[in-house]
Amino acid sequence: MSRRFFLELLIYTLVLLGLGTLEGGLLILVLPLLLYVMTAWLGAPSDLRLHARRTLRRHDRELAQTTERVTEALPVVVRLEITNQGSALSQVWVRDELPAGMDVIDGTAEVMAPLGAGETLTLSYTVRGPRGQFNFQTASVTATDLFGLVRRKQRLEASAYLWVLPAITRIKSVPIYPQQTHGFAGPIPSGAPGSGVDFYGVREYHFGDPRHRINWRMMARHGDRLFTNQFEQERIADVGLILDAREQVNIRGAGESLFEHSVRATASLADVFLRQGHRVALLNYGRALERTFPGYGKVQRQRILQALAGAGTGDSMVFESFDYLPTRFFPAHSQLVIISPLTPDDLKVLIRLRAHGYRLLVVSPDPVAFETQFLPNDEASALAARIGRIERTLLLRQLRQYDIRVVDWAVDKALDRVIHTSLAHTRRTTRILRGIA
Amino acid sequence: MTRWVFGVCLGFSVIALGAGYGLTYDGRWSALWLLLGVLWWLGRRRWRWVGSLAFLGYIGAAAGGVFIGLGEVWMLLGTVAALAAWDLDHFAHRLQEIPRIEQQEALVASHLQRLALVSGGGLLLGIGARLVQVRFSLGAAVLLGLLAILGLQQFLAMLRRESD
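Conventions used here
Residues numbered from 1 in each chain as written. Chains lettered and ligands numbered in written order. Predicted model: local features only at pLDDT ≥ 70, side-chain atom pairs only at ≥ 80, totals over all residues. Heavy atoms only, no water. Helix = DSSP H or I, 4+ residues; strand = E, 2+ residues; numbered from the N terminus. Rg over C-alpha atoms; globule rule 2.2 N^0.38 Å. Buried < 20%, exposed > 50% of the residue type's maximum accessible area, 1.4 Å probe, protein only. Areas by Shrake-Rupley, 256 points an atom, 1.4 Å probe, with all protein chains shown as cover. Lys, Arg positive; Asp, Glu negative; His and termini not counted. Charge placed at Lys NZ, Arg CZ, Asp CG, Glu CD. Contact = heavy atoms within 4.5 Å. Buried area = accessible area lost by both parts, 1.4 Å probe. Salt bridge = Lys/Arg side-chain N within 4 Å of Asp/Glu carboxyl O. Nonpolar A, V, L, I, M, F, W, Y, C, P; charged D, E, K, R; others polar. pLDDT = per-residue confidence, 0-100. Pairing = 2+ DSSP bridges. Axes fitted to C-alpha atoms, helices over the stretch in contact; angles between N-to-C directions. Core = buried A, V, L, I, M, F, W, Y, C linked by side-chain atoms within 4.5 Å. Phe/Tyr/Trp six-rings, centres within 6.5 Å; stacked < 30°, edge-to-face > 60°. Lys NZ or Arg CZ within 6 Å of the ring centre and 35° of its normal.

Student: Mind showing me how you'd approach the overall build of chain A here?
Tutor: Scanning chain A from terminus to terminus reveals 9 helices and 19 strands. Its C-alpha radius of gyration of 34 Å places chain A more than 25% over the 22 Å reference for a compact globule of 437 residues. Relative to its full complement of 437 residues, chain A shows a buried share of 50%. Accessible surface for chain A amounts to roughly 21300 Å². Of this, 53% is attributable to carbon and sulfur atoms. Taking the 53 positively charged and 43 negatively charged side chains of chain A as two groups, their mean positions are separated by 8 Å.

Laid out in structure tokens, this is it:
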């Protein structure tokens, strides 16, 4: 029961009792109560004319530097300014409505204050949120009279969007060898002579070849003919990142999700490939087919990170297996990087992709190691983990047999180091094979 | 500050009602109002409803006192003090609930000022109404009564509309 209703009821009862018993004294008792209610009514706020403005900025930035994007775990300062464009308000209670998942780590999202005509009330607090897209929409304002008896509520629009992007682990380089490259210079050996640094071959001297490229030893062997050293052209390539967002493969435990590790790995890989100058596309496979079309550079990096910020797992029946991977989304013979914990059913699809001419690199967060840490320390769990480990080892071995490169990543280890260790062997083999060819 | 003034108002209410009952009727009732005051004081932090219950008790006590012919001024004083205590109890709760209050001292000061004015005004109005006595015929009294009820109803309906 509200205070106002309670008081109204009391006044009514006393008036009725007074009239019913013809006792004037009871009516006298009503007078202070009535005066109290009337004063509250006279001091009640009239039409609220409030205007709200919200800005977001990184915790370590200046006041004027607003932002819409932050990396995971970085605090964001929310500043909400409410200006009274109407008459003076004796008590205003402002409560900012936070998007779900956001935690206030400093300050408070509520304030009460008197607000004079033309005055501005500023609410400032610091929040931190998990990866995701957050929409700060409204602030709830309640203006009351001094006694708090008559209230006026209003929801003020103060919209601001915040993208909490996945954290990126700096990866030095990821060696890839796609069959097809683009015309622009990049880090991938293209298998054609041109301006590069790796020795490619020797051809007969053409007029205009620089003198320092002449192979003097060849000339000595062949008498009067001149030969020129050729170097291998290095080009950029198309890289397609496929993030496996199927619910059934992304294990959760103790508030952690394997998917979060996959997302961070995808962000880190996108970062390294874009830094190397490649054209990168992203496909988030699970909830639906969420695509980020191929592109280069910093803008593409932002696009991919934003797409990853909003990525979530899905349990769609359609996308239960990799059968519906849209290969046409990626250029033929390009490099595909699949970030997935993998299931045995994925094997045939990956082999098919390899057969279609795609170069495949699978970065696989280890679900067995991830899940084992949440299991009880008993014999049954140990046996289950052992079986799981054997199944996984066999699966990865089969993938490698089909020339699919695999990075088996126990997520408690640094991705950069695991990639370096896993792909160093492949790098050496490739060099040897190229030397033989 | 608010708590201190609340204590004073509660004390006034207990004293006024206790004096009204104790001086001319039965001292045991005074003890009861004192007990109610103690209950309000002790329970106000844990149970919010205690304030409204005790306020209702005090208004009931004042109405009962008027009905059985005890000193009207004591009863009026008790009502005004109980009203002020009830208001301050709620105000203190509100101040505690909201984590950040700007210009709190000014807010408290203006609240107390307004409450003092209303309490004083209510008391004076009550005393003034007690002094003014007008005789009506039964018909006129019934008519005035009906008008008063209708007016009150309209006024409260308007209040409700305004605050929705």
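Student: I tried to follow the interface of chain B and chain A on my own but got confused; where do I start?
Tutor: The extent of an interface is frequently quoted as the accessible surface area lost upon association of the parts. Contact with chain B, which involves 49 residues of that partner, is made by 50 residues of chain A. Roughly 4800 Å² is buried in total at the junction of chain B and chain A, and carbon and sulfur atoms are behind 74% of that figure. Of all residues in chain B, the largest losses of buried area upon contact with chain A belong to B:Trp86, B:Arg94 and B:Arg100, amounting jointly to 13% of the total for that side. Our enumeration of links across chain B and chain A arrives at 1 salt bridge. Here A:Arg3 makes a salt bridge to B:Asp87, at a shortest N to O gap of 3.8 Å. Breaking the side of chain B that touches chain A down by element, the ones donating at least two residues are α3 (49-67), α4 (72-97), α5 (104-131) and α6 (138-163) of chain B. When the residues that make up the side of chain B that touches chain A are grouped by side-chain class, the tally is 28 nonpolar, 12 polar and 9 charged.

Student: Sorry, what's going on with the confidence of the model for chain B here?
Tutor: Any region with low pLDDT has predicted coordinates that should not be read closely. All names here are of chain B. This prediction gives chain B a mean pLDDT of 83; 96% of its residues lie at or above 70. By mean pLDDT, the top-scoring element of chain B is α4 (89), and the lowest-scoring one is α6 (74). Two numbers describe this predicted complex: its pTM, 0.73, and its ipTM, 0.87.

Student: How do you make sense of the sheet that holds strand β18 (residues 359-365) of chain A when you look at a structure like this?
Tutor: Strand pairing within a sheet occurs via backbone hydrogen bonds; the two strands may be parallel or antiparallel. Residues and elements named next belong to chain A. Taken together, 6 strands build an open sheet; the order of strands is β16-β15-β12-β17-β18-β19 and the sheet is mixed. In the strand order of this sheet, the two ends are held by β16 (289-295) and β19 (405-409), each with one partner. Sheet twist, expressed as the mean angle between neighbouring strand axes with direction ignored, is 15°. Bridge count for strand β12 (residues 238-244) against strand β15 (residues 279-285) is 7 bridges, and the pairing is parallel. Bridging from a neighbouring strand, Leu241 pairs with Leu282 of β15.

Student: Any chance you could explain the nonpolar core here in plain terms?
Tutor: The tendency in soluble globular proteins is for nonpolar side chains to be buried as a group. Residues A:Tyr36, B:Trp40, B:Phe55 and B:Tyr58 are the most contacted members of the largest nonpolar core, which totals 60 residues. Those elements that provide at least two residues to this core are α1 (3-21) and α2 (24-42) of chain A together with α1 (2-24), α2 (27-43), α3, α4, α5 and α6 of chain B. Among the elements that line this core, the one with the most residues is α4(B), at 10 residues. Apart from the residues lying within four places of it in its own chain, the contact partners of B:Trp40 are B:Phe6, B:Leu10, B:Val50, B:Gly51, B:Ala54, B:Phe55, B:Tyr58, B:Ala82, B:Ala85, B:Trp86 and B:Asp89. The next biggest cluster of nonpolar side chains, apart from the first, holds 39 residues, and it includes A:Leu165, A:Val272, A:Leu415 and A:Val418.

Student: How should I be thinking about the pairing of β19(A) in this particular structure?
Tutor: For a regular strand, side chains alternate in direction, first toward one face of the sheet and then toward the other. Residue and element names in this part refer to chain A. Among the 5 residues in β19, 4 count as buried, and that is most of the element. For β18 and β19, the ladder comprises 5 bridges, and the chain directions are parallel. When the bridges of β19 are listed, Ser364 appears paired with Asp408.

Student: Looking at this structure, I do not really get the pairing of β12(A). What am I missing?
Tutor: All names here are of chain A. Counting buried positions over the 7 residues of β12 gives 7, a clear majority of the element. Neither face of β12 is exposed, since Asp238, Gly240, Ile242 and Asp244 on one face and Val239, Leu241 and Leu243 on the opposite face are all buried. Both β12 and strand β17 (residues 335-339) contribute to a ladder of 5 bridges, which runs parallel. Its bridge partner being in β17, Ile242 is matched across the sheet by Ile338.

Student: Can you help me understand the pattern of salt bridges in this one?
Tutor: Two side chains carrying opposite charge are able to pair once their charged atoms lie near each other. Residues and elements named next belong to chain A. Counting across every chain of the model gives 24 salt bridges over all chains. When the shortest N-O distance is used, the salt bridge between Glu8 and Arg4 registers 3.2 Å. Taken together, the residues Glu8 and Arg4, both in helix α1 and 4 residues apart, mark about one turn of the helix. On the basis of relative accessibility, which here comes to 3%, the residue Glu8 falls in the buried class. Look at Arg4 and you get buried, because its relative accessible area is 13%. Across the pair Arg279 and Asp238 runs a salt bridge, and its minimum N-O distance is 2.7 Å. With a gap of 41 residues between them, Arg279 in strand β15 and Asp238 in strand β12 connect regions that are remote in the sequence. Residue classification places Arg279 among the partly exposed residues on the basis of a relative accessible area of 23%. Look at Asp238 and you get buried, because its relative accessible area is 8%. When salt bridges that share partners are traced, they join Arg170, Asp271, Arg275 and Arg301 into one network.

Student: Is there a simple way to think about the packing of aromatic side chains in this case?
Tutor: For any pair of aromatic rings, the description consists of the separation of the ring centres together with the inter-plane angle of the planes. Summed over all chains, the structure comprises 17 aromatic pairs over all chains. Here A:Tyr285 and A:Phe319 contribute two aromatic rings whose centre-to-centre distance is 5.2 Å and whose plane-to-plane angle is 70°, an arrangement assigned as edge-to-face. Here A:Tyr285 is found in strand β15, whereas its partner A:Phe319 is found in the loop between α5 (297-309) and β17, with 34 residues between them in sequence. In this structure, A:Tyr285 and A:Phe319 share a single accessibility class: buried. On the basis of an interplanar angle of 10° and a centroid distance of 5.8 Å, the ring pair of B:Phe6 and B:Trp41 is categorised as stacked. Of the two residues, B:Phe6 sits in helix α1 while B:Trp41 sits in helix α2, which places them 35 residues apart along the sequence. Counting every residue linked through ring pairs, the aromatic cluster contains B:Phe6, B:Trp40, B:Trp41 and B:Tyr58. Residue placement shows A:Arg3 over the ring face of B:Trp86; its charged tip is 4.5 Å from the ring centre. Between A:Arg246 and the ring centre of A:Phe322, over which it is positioned, the NZ or CZ distance is 4.1 Å.

Student: Whenever I open this one, the environment of A:His212 confuses me. Can you help?
Tutor: Residue and element names in this part refer to chain A. Its location among the elements puts His212 in the loop between β10 (185-204) and α3 (216-222). Judged by relative accessible area, His212 falls into the exposed class, the value being 68%. Residues His212 and Ile304, spaced 92 residues apart in sequence, show a C-alpha to C-alpha distance of 44 Å.

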